[in-house]
Amino acid sequence: MKEVPDAAVQKRIDASTMRLDRSGEKNLNPFDTHGIEAAMQIREGGAVEVDEIVAVTMGPESAVRALHKAVALGADRSVHLTDQELAGSDVCATGYALAKTLESEQPDLVLLGQQSDDGECYTIGAVVADHLKMPSLTQVIKIDISDGKLVCERQAEYGYDTVEVQLPAVISVGDAINEPRYPSLKAIMGAKKKPLETYATSDVGIEADSVGETGSKTQVLAVNPPPEKEAGEIIEDEDTNETVEKIVAWLDERKLI
Amino acid sequence: MAGILVYALHDDEGNFNKNSLGAISEAAKLAGELGTEAAAVVVGEVGDEACAALGAYGAGKVYRAKAAPEGLAQPVVDVMAKVIANEGFSYALFGGGLLGFEIGAGLTARLNAGVTMEVTEVKAQDGKLVAERPVLQDSAIVDVGYVGDPGIIIGRLNAFDATERDGGSAEVVDVEVELSEWSTKATMVNRGEQRGADVNIEDAEILVGGGRGLGEAANFKLAEELAAALGGAVAATRAVVDAGWYPYAAQIGQTGKTVAPKLYLAAGISGAIQHKVGMQSSENILAINKDQNAPIFEFCDLGVVGDLHKILPKLTEAIKAKKSG
């Protein structure tokens with residue numbers, strides 16, 4: 001799970017730290033809710049017995065709220081890795097830290113959303129998988145379970161692939177895999193009472209010099225504005241007949257009709 | 001050697017992927033600037049001639065691992081990690097597309113190396129490579145440098161053009177690799193299945209693209225009627241294709257087709273980056289979406305904030321009337 005700035009928040013990079021400015025309203029990464037839903041459906045499907053669903057995140061103190069939401073959506077308990085030393089971790093360091101945290105849980109299946117709403121990296125699942133020495137697949141849109149194996153579908157360069165994956169495994173799911181359910185009021189109210197473990201880096205054997213800015217292998221050298229592009233015209237549809245007239249005139253002007 | 005290593009993806013007939021060829025061309029150009037060489041990795045049973053032909057795009061050597069299966073990321077990570085360990089490459093470069101992301105990410109973990117994804121441009125600076133990556137829905141561009149070797153660069157779809165040069169043929173070197181235990185635990189059952197009828201959206205001069213904002217599969221008829229009135233074809237986003245609303249053959253974006261029509265009319269499409277890369281070269285982009293915060297409004301030429309269920313039918317009628325009048 002990841003805590004990300006809310007969709008309505010204007011995102012910007014803090015020029016002094018070269019990191020994403022994380023002030024403002026935050027929320028559970030919407031892509032991750034598909035991961036929880038996939039876990040719930042596997043449990044409800046009955047093809048395998050699921051002992052428990054654990055929501056795991058790495059992030060500052062405030063990320064607890066994302067975990068509460070994950071629990072409200074169906075997780076049984078949650079794990080929060082939080083430590084000042086982790087601040088500024090790049091993909092390489094984040095994947096390592098998450099893998100160490102997951103290692104202590106010994107999961108049979110690790111599910112992730114295909115991307116975070118802020119970093120848009122698409123890569124953490126595959127990084128975690130290699131550290132855990134587990135098979136992995138990303139952007140999966142269908143999971144079936146038979147004989148303790150996963151049969152996954154995903155779209156790749158040449159069309160749809162069907163891939164059989166042995167457990168334990170790491171799977172990143174695409175947002176078309178399911179429609180996440182809404183949490184019940186009772187689940188929301190009860191979320192804060194579910195078990196939550198908080199770990200510092202040393203609790204899960206993370207080497208301090210492998211995370212944070214020291215452990216990161218990339219360096220942001222500069223942040224620049226994108227090349228100027230003339231902004232297009234935006235119209236609000238108040239009177240549809242008028243709007244349509246404007247569109248037709250615009251098409252006509254460009255010799256498109 | 002401190003060169004640049006590229007993974008060359010191919011289909012089951014052995015045809016190399018356009019984005020991979022673009023990555024080789026880019027690597028060759030950058031290697032020239034750094035005074036080093038570009039090479040490629042190929043997995044699966046690809047013939048000597050096809051491998052050697054990658055020389056035309058600038059690969060000096062092609063490392064071929066016949067025993068590794070094509071189409072899955074982790075076996076390629078095994079191969080590339082071994083080639084990098086043996087030959088000492090300073091950078092691994094991937095063209096856009098899903099597998100490059102997966103392989104690049106796996107290599108990052110395996111080699112404890114820095115990675116940058118969605119890269120649109122790479123520069124040689126003081127003898128090193130710096131990757132440019134647009135972030136926050138393209139509202140800023142960060143320059144990323146690497147600490148230590150190798151640096152891993154994953155391109156955005158179509159970021160690098162495939163250019164044939166007067167190159168000779170590449171030297172083909174077979175590599176034997178013992179696959180890691182975990183990479184043998186995923187097996188391809190069926191690769192590249194096509195779903196739905198063929199629609200030739202790449203040739204259409206006018207495209208009406210439909211997204212989630214259409215609400216349900218049945219509403220695609222609104223897009224079809226409008227496309228018919230305009231004399232164009234219908235395209236779709238990945239989300240609606242995955243949801244089964246429209247055939248894969250009509251999909252635009254990261255894992256679909258790339259188009260550049262005279263008019264792209266985006267109906268109910270938010271304009272997420274995966275879609276944007278497939279249609280941003282369109283000459284005129286007209287977007288209709290009820291969400292005024294949709295990213296597509298930041299790069300369209302005409303944006304209409306409104307309910308497409310009200311607008312589309314009237315627009316279709318108006319265009320028909322205009323054409324017959």
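Residues numbered from 1 in each chain as written. Chains lettered and ligands numbered in written order. Predicted model: local features only at pLDDT ≥ 70, side-chain atom pairs only at ≥ 80, totals over all residues. Heavy atoms only, no water.

In this section: the sheet that holds strand β6 (residues 77-81) of chain A. Each strand in a sheet pairs with its neighbour through backbone hydrogen bonds, running either in the same direction (parallel) or in the opposite one (antiparallel). Residues and elements named next belong to chain A. What the three strands build is an open sheet, ordered β5-β6-β12; its pairing is parallel. Strands with a single pairing partner mark the edges of an open sheet, and in this sheet they are β5 (54-58) and β12 (196-199). With direction set aside, neighbouring strand axes in the sheet form an average angle of 15 degrees. Bridge analysis of β6 against β12 gives four bridges, and the strand direction is parallel. (Pairing = 2+ DSSP bridges. Helix = DSSP H or I, 4+ residues; strand = E, 2+ residues; numbered from the N terminus. Axes fitted to C-alpha atoms, helices over the stretch in contact; angles between N-to-C directions.)

A separate point is the sheet that holds strand β10 (residues 159-166) of chain A. Spatial ordering of the open sheet is given by β7(A)-β11(A)-β8(A)-β9(A)-β10(A)-β11(B), a layout of six strands whose pairing is mixed. Two strands lie at the open edges of the sheet, namely β7 (109-113) of chain A together with β11 (186-193) of chain B, each paired on one side alone. For this sheet the average axis-to-axis angle between neighbouring strands, irrespective of direction, equals 35 degrees. Judged from the eight bridges that link them, strand β9 (residues 149-156) of chain A and β10 of chain A form a sheet pairing that is antiparallel. By the bridge assignment, Ala 156 of chain A is partnered in β10 of chain A with Gly 159 of chain A. Contacts from helix α1 (residues 30-45) of chain A reach β7, β8 (136-146) and β11 (169-173) of chain A within the one sheet, and its direction differs from that of β7 of chain A by about 145 degrees. (Contact = heavy atoms within 4.5 Å.)

What follows covers the pattern of salt bridges. Applying the stated criterion across every chain, the model contains 28 salt bridges over all chains. Ionic pairing is found between Asp 12 of chain B and Arg 191 of chain B, a salt bridge with its closest N-O pair at 2.8 Å. Placement of the pair is Asp 12 of chain B in the loop between β1 (4-7) and α1 (18-34) and Arg 191 of chain B in strand β11, with a sequence separation of 179 residues. In this structure Arg 191 of chain B comes out as buried when scored by relative accessible area, which is 15%. A salt bridge links Lys 185 of chain B to Glu 181 of chain B, with the nearest nitrogen and oxygen atoms 3.4 Å apart. Note on Lys 185 of chain B: relative accessible area 25%, which makes it partly exposed. Several salt bridges converge on common partners, so that one network encompasses Glu 52, Arg 77, Glu 105 and Glu 197 of chain A. (Salt bridge = Lys/Arg side-chain N within 4 Å of Asp/Glu carboxyl O. Buried < 20%, exposed > 50% of the residue type's maximum accessible area, 1.4 Å probe, protein only.)

If you walk through the whole model with that rule in mind, you get five aromatic pairs over all chains. On the basis of an interplanar angle of 70 degrees and a centroid distance of 5.5 Å, the ring pair of Tyr 122 of chain A and Phe 101 of chain B is categorised as edge-to-face. With Tyr 122 of chain A in the loop between β7 and α4 (124-132) and Phe 101 of chain B in helix α4 (residues 98-111), the pair connects residues from two separate chains. (Phe/Tyr/Trp six-rings, centres within 6.5 Å; stacked < 30°, edge-to-face > 60°.)

Before going further, it helps to spend a moment on the interface of chain A and chain B. Listed as interface residues are 73 residues of chain A and, on the opposing side, 94 residues of chain B. Taking both sides of the interface into account, the surface hidden between chain A and chain B amounts to around 7,200 Å²; carbon and sulfur atoms contribute 58%. Taken together, the links from chain A to chain B amount to three salt bridges. We note a salt bridge from Asp 130 of chain A to Arg 110 of chain B, for which the minimum N-O separation is 2.7 Å. Across the chain A-chain B interface, the total number found is 38 residue pairs in polar contact (both at pLDDT 80 or more). Within the residue set of the side of chain A that touches chain B, elements represented by two or more residues are α3 (91-103), α4, β8, β9, β10, β13 (218-224), β14 (233-236) and α7 (240-253) of chain A. By residue number, the principal contributor to the side of chain A that touches chain B is α7 of chain A, which donates nine residues. (Buried area = accessible area lost by both parts, 1.4 Å probe. Polar contact = N/O pair within 3.5 Å; in protein donor to acceptor, adjacent residues only side chain to side chain.)

Residues and elements named next belong to chain B. In this model, α1 (17 residues) spans 24 Å end to end at C-alpha, consistent with the 24 Å of a helix rising 1.5 Å per residue. A large share of α1 lies buried, amounting to 12 of its 17 residues. Tucked into the core, α1 has its buried residues touching β1, β2 (38-43), β4 (91-94), β6 (121-125) and β7 (128-135). At the N-terminal boundary of α1, the capping side chain belongs to Asn 17, with an oxygen 2.9 Å from the backbone nitrogen of Asn 19. One or two residues past the end of α1 sits Gly 35, with phi positive at roughly 70 degrees. (Expected span 1.5 Å × (residues − 1).)

Backbone geometry follows two general trends: most residues other than glycine have a negative phi, and most peptide bonds adopt the trans configuration. In this chain, Leu 167 of chain A is followed by Pro 168 of chain A through a cis amide linkage whose omega measures -5 degrees. For Pro 168 of chain A, the location among the structural elements is in the loop between β10 and β11. Following Asp 149 of chain B, the chain continues to Pro 150 of chain B via a peptide bond in cis, the omega torsion being -20 degrees. Within the secondary structure, Pro 150 of chain B is located in the loop between β8 (140-146) and β9 (151-155). Phi is positive for Lys 133 of chain A, which is not a glycine, with a value near 55 degrees.

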